[in-house]
Amino acid sequence: MRALLSLAIGSFGIGMTEFVVMGLLPNIARELVPGVWAASPDDAIAQAGWLISLYALGVVVGAPTIAGSVARFPRHRVMIVLAAALAFFTLLTVIAPTFELVAASRFLAGLPHGAYFGIGALVAADALGPGNRAKGVAFVLTGLTIANVVGVPLGTLLGQQVGWRAAFAVVTGIFVLATICIALFVAKHPGSPGRRLRDELRVFRIAQVWFALGIGAIGFGGLFAMYSYIAPMVTDIAGQPEWAVSVVLVIMGVGMTVGNVVGGTLADKNLRFWLYVGLIALAAASVGAAATSGWIVSLVLFAFLVAFCGAALSPAIQTRLMDVAEDNQSIAAALNHSALNIGNSLGAFLGGVGIAVGLGLAAPAWVGAVLALGGLVVAIVSYRREDRTGRHPAHRMPAAEAAQTAITGSIPTQG
């Protein structure tokens, strides 16, 4: 149990370092690009949104490459190095004096993210032994869930009151604690000496894998287009005080938690149907948020629905990818993490573009609707191609199980 708790501490830190920036964009923009802020706060916020995109791009690059490259090394040692790297790169965010250096630190901090979850999931799966592996993975994932419900809102409040760097200083301390705990409590865990990155990359030869990645990269971006700019929507459009942002983040965190569980259950019943419904519902919720963002009650309601629908899509997308990946399950799981973070990066970037071109602070929600519908188009094309060729996947992963692994980037196997 101490080993699982150690890993969960790290996943809690990852949840905070990835998402706390979204509630602090105005504060970060005000300090790091003061000249732009003085001329146009909206432009400054849009520029600060690049920090979200750069972190997500770091995850995209690091998840498959690091996970595949270190597979042959003992996993407990790899986890120590990854946790230490997360601490170091987050510390750079705290001390970096300029926007450019902070941006570089956010990209570097994203690199170990996916590998930590992927390899950590394998360690957790074996920690409890046969028959309880999914429970181990779920326990580690709990750290990320709690971060969205508790850590991110509290970190946002701290950053607003003390300074945004204080929030990242706390995250740095969490990663240091995780590093120490992993070194002390995670038992020796051998790697897979025979595995090579070159062999893992064969998954890219499968056309349906690209379609599945496209669903995640485009459709899931609908969640992050709005989530990335929720702070200015609450304060500038709905006219609420800064502390209200933390409350909205708590509500969105609850929406994500519930959506992840419900999404897995629904996708098990009919994956194709619920994947379509989830993307349509995400688009509709985004439109609702954009159209009624001036009223805080409706904004909170639609923010909850956007979070719920986005998280509900996660296990469905994971399941689809695992279904079509054939024998390349491990790398496919890591690629799913990359795809979802492309969605994170794309949503944040395009939402910022919408603001920068003068469409207003509600533009990210409209962008989210377009991205969700774009993901729907990719899903429809994918399934129609599959029906036309008659090549349906032989491997089918239960979506309820995918709900536990969609974010971790690994599959718990039953003993």
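Residues numbered from 1 in each chain as written. Predicted model: local features only at pLDDT ≥ 70, side-chain atom pairs only at ≥ 80, totals over all residues. Heavy atoms only, no water.

Visitor: Help me understand the overall build of the protein, please; the structure alone is not making it clear to me.
Guide: Along the protein, the regular secondary structure elements total 19 helices and 0 strands. Taking all 415 residues of the protein together, the buried fraction comes to 60%. The long-range fraction of contacts in the protein, counting pairs at least 24 apart against all pairs at least 6 apart in sequence, stands at 85%. (Helix = DSSP H or I, 4+ residues; strand = E, 2+ residues; numbered from the N terminus. Buried < 20%, exposed > 50% of the residue type's maximum accessible area, 1.4 Å probe, protein only. Contact = heavy atoms within 4.5 Å.)

Visitor: Quick question: what am I supposed to make of the nonpolar core here?
Guide: Within soluble globular proteins, side chains that are nonpolar tend to cluster in buried spots. Counting 74 residues, the largest nonpolar core has Met226, Tyr227, Ile230 and Leu275 as the members making the most contacts within it. In terms of residue count, helix H16 (residues 296-324) provides more of this core than any other element does, 10 residues in total. Ignoring any residue separated from it by four or fewer positions in sequence, one finds methionine 226 in contact with Met233, Ala289, Leu299, Ala303, Val306, Pro364 and Ala365. With 33 residues, the next largest nonpolar core counts Val59, Val70, Ala87 and Ile119 among its residues. (Core = buried A, V, L, I, M, F, W, Y, C linked by side-chain atoms within 4.5 Å.)

Visitor: How should helix H1 (residues 2-23) be read in this particular structure?
Guide: Owing to its 3.6 residues per turn, the α-helix aligns residues three or four sequence positions apart on the same side. If you check H1, its first and last C-alpha atoms are 32 Å apart, about what 22 residues at 1.5 Å a residue would give, namely 32 Å. By the largest-angle criterion, threonine 17 marks the main kink of H1, which is about 30°. Burial analysis of H1 places 20 of its 22 residues in the buried class, which makes it a mostly covered element. (Expected span 1.5 Å × (residues − 1). Bend = angle between axes of the 7 residues up to and from the residue.)

Visitor: Before we go on, may I ask you to explain a nonpolar patch on the surface in this structure?
Guide: On the surface, Ile146, Val150, Leu154, Leu157, Trp243 and Val247 cluster together into a nonpolar patch covering about 530 Å² of accessible area. Listed by contribution, the elements that provide at least two residues to the nonpolar patch are helix H8 (133-162) and helix H14 (243-269). With 4 residues, H8 is the largest single contributor of residues to the nonpolar patch. Relative to the elements of secondary structure, leucine 157 occurs in helix H8. Overall, the relative accessible area of 32% leaves leucine 157 in the partly exposed class. (Patch = residues over 30% accessible without salt bridge, like charges linked within 9 Å, V, L, I, M, F, W, Y side chains within 5 Å. Areas by Shrake-Rupley, 256 points an atom, 1.4 Å probe, with all protein chains shown as cover. Salt bridge = Lys/Arg side-chain N within 4 Å of Asp/Glu carboxyl O.)

Visitor: What's the story with helix H5 (residues 50-69) in this structure? I'm lost.
Guide: Compared with the 28 Å implied by 1.5 Å per residue over 20 residues, the 28 Å span of H5 between its first and last C-alpha is a close match. Of all bends in H5, the biggest is about 35°, found at glycine 62, and the proline proline 64 comes one to four residues later.

Visitor: Please explain the environment of valine 60 as it appears in this structure.
Guide: As for its placement among the helices and strands, valine 60 is situated in helix H5. With 279 residues separating them along the chain, valine 60 and alanine 339 place their C-alpha atoms 7.0 Å apart. Setting aside its immediate chain neighbours within four residues, valine 60 contacts Ser338, Asn341 and Ile342.

Visitor: What's the story with the pattern of salt bridges in this structure? I'm lost.
Guide: Two side chains with opposite charge may pair up if their charged atoms get near one another. Per the stated rule, a full pass over the model turns up 3 salt bridges. Salt-bridge contacts for arginine 165 lead to glutamate 31; the nearest nitrogen and oxygen are separated by 3.0 Å. Placement of arginine 165 in helix H9 (residues 164-185) and of glutamate 31 in helix H2 (residues 25-32) is noted, with a sequence separation of 134 residues between them. Look at arginine 165 and you get buried, because its relative accessible area is 18%.

Visitor: Explain the confidence of the model for the protein here, please?
Guide: Do not read the fine detail of predicted coordinates wherever pLDDT is low. Mean pLDDT over the protein: 84, with 86% of residues reaching 70 or higher. pLDDT under 50 marks residues 402-415. Its contacts with residues more than four places away, or in other chains, come to 56 contacts. (pLDDT = per-residue confidence, 0-100.)

Visitor: What is the right way to read the side chain of threonine 235 from this model?
Guide: Note on placement: threonine 235 falls in helix H13 (residues 230-237). Engagement of the side chain of threonine 235 in a polar contact is seen with the backbone oxygen of alanine 231, the distance being 3.0 Å. A distance of 2.9 Å separates a polar atom in the side chain of threonine 235 from a polar atom in the side chain of aspartate 236. Setting aside anything within four residues of it in sequence, one finds threonine 235 in contact with Gln240, Pro241, Glu242 and Val245. (Polar contact = N/O pair within 3.5 Å; in protein donor to acceptor, adjacent residues only side chain to side chain.)

Visitor: Can you walk me through the packing of aromatic side chains in this structure?
Guide: Applying the stated criterion across every chain, the model contains 11 aromatic pairs. Between the aromatic rings of phenylalanine 19 and phenylalanine 224, the centroid separation amounts to 5.9 Å while the plane-to-plane angle is 5°, which identifies the pairing as stacked. Of this pair, phenylalanine 19 sits in helix H1 while phenylalanine 224 sits in helix H12 (residues 221-227); the two residues are 205 residues apart in sequence, bridging distant segments of the chain. Across this residue pair, the class does not change: phenylalanine 19 and phenylalanine 224 are buried. Their ring planes at 40° and their centres at 5.3 Å tell us that phenylalanine 204 and tryptophan 210 sit as a pair that is tilted. Taking the relative accessible area as the measure of exposure, tryptophan 210 reaches 48% and is therefore partly exposed. Each residue in the set Phe19, Phe220, Phe224 and Tyr227 is aromatic and connected to the rest through ring pairs, giving one cluster. For arginine 320, the ring lying beneath its charged end belongs to tyrosine 383, and the centroid distance is 4.1 Å. (Phe/Tyr/Trp six-rings, centres within 6.5 Å; stacked < 30°, edge-to-face > 60°. Lys NZ or Arg CZ within 6 Å of the ring centre and 35° of its normal.)

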